[in-house]
Amino acid sequence: MKRFLFQHWMLFSMAALITGAGWIVASRAAPGSMATSAPAPRQGFLAPEISLSNAGGELVTLSELQGNVVLVNFWASWCPPCIAEMPDLQQVYADYASQGFVILGINATDQDSAETALDFIEDHELTFPILFDVDGSVFSRYEVPALPTTYFIDRQGEIQEVVVGGPISEAMLRTRIEALLREKR
Amino acid sequence: MLPVLHIGPLALPTTGLVLIIGLWLALSIPERQAAKRGLAPDQMYRLTFTGLLAGIVGARLLYVFRFPGVFLADPLAILSLNAGLLDVWGGVVAGGLAAGFYGWRKGLALWPTLDALTPPFAIVAVAIGVAHFTSGDAFGAPSSAPWAIELWGARRHPSQVYEIIAAGAILLAIWPWSKSKAMNMPGVSFLTFTALTAGARLFLETFRGDSVLLPMGLRSAQVTAWLVLGLSLWLLGKRAKEQVSK
């Protein structure tokens, strides 16, 4: 067998390449078939809908923010890395909000207390929207594996990156946000 | 899928752990392989160390060049231990170039060196498959096959499992302790690995749900794999002829 293969190597190689080329053509994807139009909480998919109230009782909906770069950050006031990254989140929000950048801080209220969370927002002078996931429905829809978890969403509403754990460094926040802001509308 | 491993209060990223374990296993092999291939083990150690170090430094520097404003404002961030601030492909190229330069300077024979590095490459390929399985990356296309798995809102081909099986089979095919005479011919082990890996990718990419598409719906990874397969087969034939003529 080995001897036969060696003697007819060129023939074998050509057969392998022709078969490979045929397979490539036969397994072509239909245009648009890779588009992940169904929402799922991972990179490359549309971000699942978020519709939650802020501290003032005003409803904030993710789909209404389409056209902006959105950072969704799941947090709780008892979580040390969440606390550690809040000042950097506030800083980048202040620096990039005018360019079409929004942060939605989703408090895991079913694992926290709304009162403690409100104190936390006041103490840290957070100005970006903080939403309260009272029943944990958004938390489970996003299949959040740990706190904090951060989702970077582009202007088309597609998740571009998921960062589990923290604290995220300010440099990482800035590079990710700048890359997404550079993309065409 | 298990992206995070919870041990008490600790939440460990499983994907990173799997890759580190794979790399650790892989790096323990080249020195042992070197002696078998007629190379100096300490030179092989330095080659892998140089490649790894240059890869990390190159990955960070290329990332810094992509966002100069951010790092000029915060120069200490250049030294950050954050793996998210790396340009992975830039690192692979920088590491490969540095290792190649070291090998050239030290006069290491090309094919035996690549053969000694083949088992580590094969182990890393398996680790990448397992990392994809834990993270849910490299996911499959929607499927109604009985073995399809529920992932990201649809029943899909378990493409990560296909990837692990293929990489495992290739690892066994080029197993470093293989007694095969043909496998010990310089270059054959490495070129067999690249040909089999390219062939597996060409076939399995069909079942992926995240392929990058070229015009006419062609999958970019398949076209690249086809070219690598062609080159590997041609070089394999050439190596075999050279060995026979010797």
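Bear in mind the structure is a predicted one, so any value in this text is a computation, not a measurement.

Cut-offs and rules
The written sequence of each chain sets the order in which its residues are numbered from 1. Both sets of labels track the order of writing: A upward for chains, 1 upward for ligands. Since the coordinates come from a predicted model, pLDDT governs what is reported: local features require at least 70, and pairs of side-chain atoms require 80 or more to be given and counted, while whole-chain, interface and lining totals use all residues. With hydrogens and water excluded, all non-hydrogen atoms of the structure serve as input to the side-chain values. Helix numbering and strand numbering both begin at the N terminus, where a helix is a DSSP run of H or I of at least 4 residues and a strand a DSSP run of E of at least 2. The rule is simple: take the accessible area with a 1.4 Å probe, protein chains only, and divide by the maximum for that residue type; under 20% is buried, over 50% is exposed, in between is partly exposed. The contact criterion used throughout is that any non-hydrogen atoms of two residues lie within 4.5 Å. The protein chains shown are the only cover counted for residues, whose accessible areas, like all others here, come from Shrake-Rupley with a 1.4 Å probe. We score Asp and Glu as negative and Lys and Arg as positive, and we do not count His or the chain ends. Charge placement uses NZ in Lys and CZ in Arg. For Asp and Glu, CG and CD serve respectively. In this description, a disulfide is simply a cysteine sulfur pair whose atoms lie within 2.5 Å. N or O atoms within 3.5 Å of each other form a polar contact, as long as, within protein, one can give a hydrogen and the other can take it, and as long as residues adjacent in sequence are counted only when both atoms are side-chain atoms. Buried area: the accessible surface (1.4 Å probe) lost by two parts on joining, summed over both. Salt bridge criterion: a side-chain nitrogen from Lys or Arg within 4 Å of a carboxyl oxygen from Asp or Glu. Axis definition: a line fitted to C-alpha atoms, over the contacting stretch in the case of helices. Angles run 0 to 180 degrees between N-to-C directions. When an angle is under 35 degrees it counts as roughly parallel; over 145 it counts as roughly antiparallel; between 65 and 115 it counts as roughly perpendicular; any other value is oblique. Take the far helix as your reference; a near helix turned counterclockwise from it by less than a right angle gives a left-handed crossing, and one turned clockwise gives a right-handed crossing. Any residue that is not Ala, Val, Leu, Ile, Met, Phe, Trp, Tyr, Cys, Pro, Asp, Glu, Lys or Arg is counted as polar, Gly included; the first ten are nonpolar and the last four charged. Here a strand pair is declared whenever DSSP counts at least two bridges between the two strands. Nonpolar core, defined: a set of buried Ala, Val, Leu, Ile, Met, Phe, Trp, Tyr and Cys residues in which side-chain atoms within 4.5 Å join the residues together. Nonpolar side chains (Val, Leu, Ile, Met, Phe, Trp, Tyr) are joined into patches within 5 Å and like charges within 9 Å, using only residues with over 30% relative accessible area and no salt bridge.

Here the focus is the overall build of chain A. When its secondary structure is counted, chain A shows six helices and nine strands. Burial analysis of chain A (185 residues in total) assigns 48% to the buried set. Considering only residue pairs separated by 6 or more positions, chain A has 70% of its internal contacts joining residues 24 or more positions apart. Total accessible area on chain A is roughly 9,000 Å²; 57% of this is exposed by carbon and sulfur atoms. Charge separation in chain A, taken as the distance between the mean sites of 11 positive and 22 negative side-chain charges, equals 24 Å.

Residues and elements named next belong to chain A. The tally for this structure, following the rule as stated, stands at one disulfide over all chains. Linked covalently through their sulfurs, Cys-79 and Cys-82 form a disulfide whose S-S length is 2.2 Å. The chirality of the disulfide connecting Cys-79 with Cys-82 is right-handed, given an S-S dihedral of about 80°. Across the pair, Cys-82 and Cys-79 agree in class, each one buried.

Turning to the side chain of A:Thr149, a few remarks are in order. Position of A:Thr149 relative to the elements: it lies in strand 8 (residues 149–153). At 2.5 Å, the side chain of A:Thr149 forms a polar contact with the backbone oxygen of A:Ala146.

Across the boundary between the two partners, chain A contributes 34 residues, which contact 43 residues of chain B. Across the interface of chain A and chain B, roughly 3,100 Å² is buried in total on both sides, 71% from carbon and sulfur atoms. Our count for the chain A to chain B interface comes out at one salt bridge. One salt bridge in this structure joins A:Arg42 and B:Asp137, with 2.8 Å as the shortest N-O distance. Scanning the region where chain A abuts chain B turns up 14 residue pairs in polar contact (both at pLDDT 80 or more).

Residue and element names in this part refer to chain B. One way to put it is that helix 7 (residues 159–173) packs onto helix 8 (residues 188–204) with a least axis distance of 10 Å and a crossing angle of 160°. Compared by their axis directions, helix 7 and helix 8 come out roughly antiparallel. Crossing of helix 7 over helix 8 shows right-handed handedness. In this structure, helix 7 contributes Tyr-162, Glu-163, Ala-166, Ile-170 and Ala-173 to the contact, and helix 8 contributes Phe-193, Leu-196, Thr-197, Ala-200 and Leu-204. Here the residues of the contact of helix 7 with helix 8 sort into eight nonpolar, one polar and one charged.

Quick look at the pairing of strand 9 (residues 159–164) of chain A now. When strand 8 of chain A meets strand 9 of chain A, the two strands line up antiparallel, connected through five bridges. Paired with A:Tyr151 across the strands is A:Val162, a residue of strand 9 of chain A.

If you look at the biggest cluster of nonpolar residues, it comprises 58 residues, and the most contacted ones within it are A:Phe74 and A:Leu104. Residues in contact with A:Phe74, not counting those within four places in the same chain, are A:Cys82, A:Ile106, A:Val138, A:Phe139, A:Tyr142, A:Val144, A:Leu147, A:Pro148, A:Thr149 and A:Tyr151. In terms of nonpolar packing, the next biggest core, distinct from the first, is built from 28 residues, B:Trp111, B:Ile174, B:Phe190 and B:Leu229 among them.

This part covers the pairing of strand 6 (residues 101–107) of chain A. Residue and element names in this part refer to chain A. For strand 6, the tally of buried residues reaches seven of seven residues, placing the bulk of the element in the interior. Burial of strand 6 is two-sided: the residues Phe-101, Ile-103, Gly-105 and Asn-107 facing one way and the residues Val-102, Leu-104 and Ile-106 facing the other way are all buried. Taken together, the seven bridges between strand 5 (residues 69–75) and strand 6 define a ladder with parallel strand orientation. Considered in strand 6, the bridge of Val-69 is made with Phe-101. Summarising the sheet, strand 6 and strand 7 (residues 130–132) pair through three bridges and their orientation is parallel. Within the sheet, the bridge partner assigned to Asn-107 lies in strand 7 and is Phe-132.

This brings us to the sheet that holds strand 7 of chain A. In any sheet, the strands associate via hydrogen bonds between backbone groups, in a parallel or an antiparallel arrangement. Residues and elements named next belong to chain A. Read across the open sheet, the five strands follow the order 7-6-5-8-9; overall the sheet is mixed. In the strand order of this sheet, the two ends are held by strand 7 and strand 9, each with one partner. Pairs of neighbouring strands in the sheet enclose a mean axial angle of 20°, with direction left out of account.

Moving on to the packing of helix 8 of chain B against helix 9 (residues 220–245) of chain B. Residues and elements named next belong to chain B. Orientation of helix 8 relative to helix 9, taken along the N-to-C sense of each, is 155°, at an axis distance of 8 Å. When the axis of helix 8 is compared with that of helix 9, the two are roughly antiparallel. The hand of the helix 8/helix 9 crossing is left-handed. When helix 8 is examined against helix 9, the residues Val-188, Leu-191, Thr-192, Thr-194, Ala-195, Ala-198, Gly-199, Arg-201 and Leu-202 are found in contact with a partner set consisting of Ala-221, Gln-222, Ala-225, Trp-226, Val-228, Leu-229, Ser-232, Leu-233, Leu-235, Leu-236 and Arg-239. Here the residues of the contact of helix 8 with helix 9 sort into 13 nonpolar, five polar and two charged.

Attention now goes to a nonpolar patch on the surface. All names here are of chain B. There is a patch of nonpolar side chains on the surface, built from Leu-2, Leu-5, Ile-7, Leu-10, Leu-17, Ile-21, Trp-24 and Leu-25 and spanning about 760 Å² of accessible area. Those elements giving two or more residues to the nonpolar patch turn out to be strand 1 (4–7) and helix 1 (14–27). By residue number, the principal contributor to the nonpolar patch is helix 1, which donates four residues. You can see Ile-7 is positioned in strand 1.

Shape is all these values report; function is a separate question.
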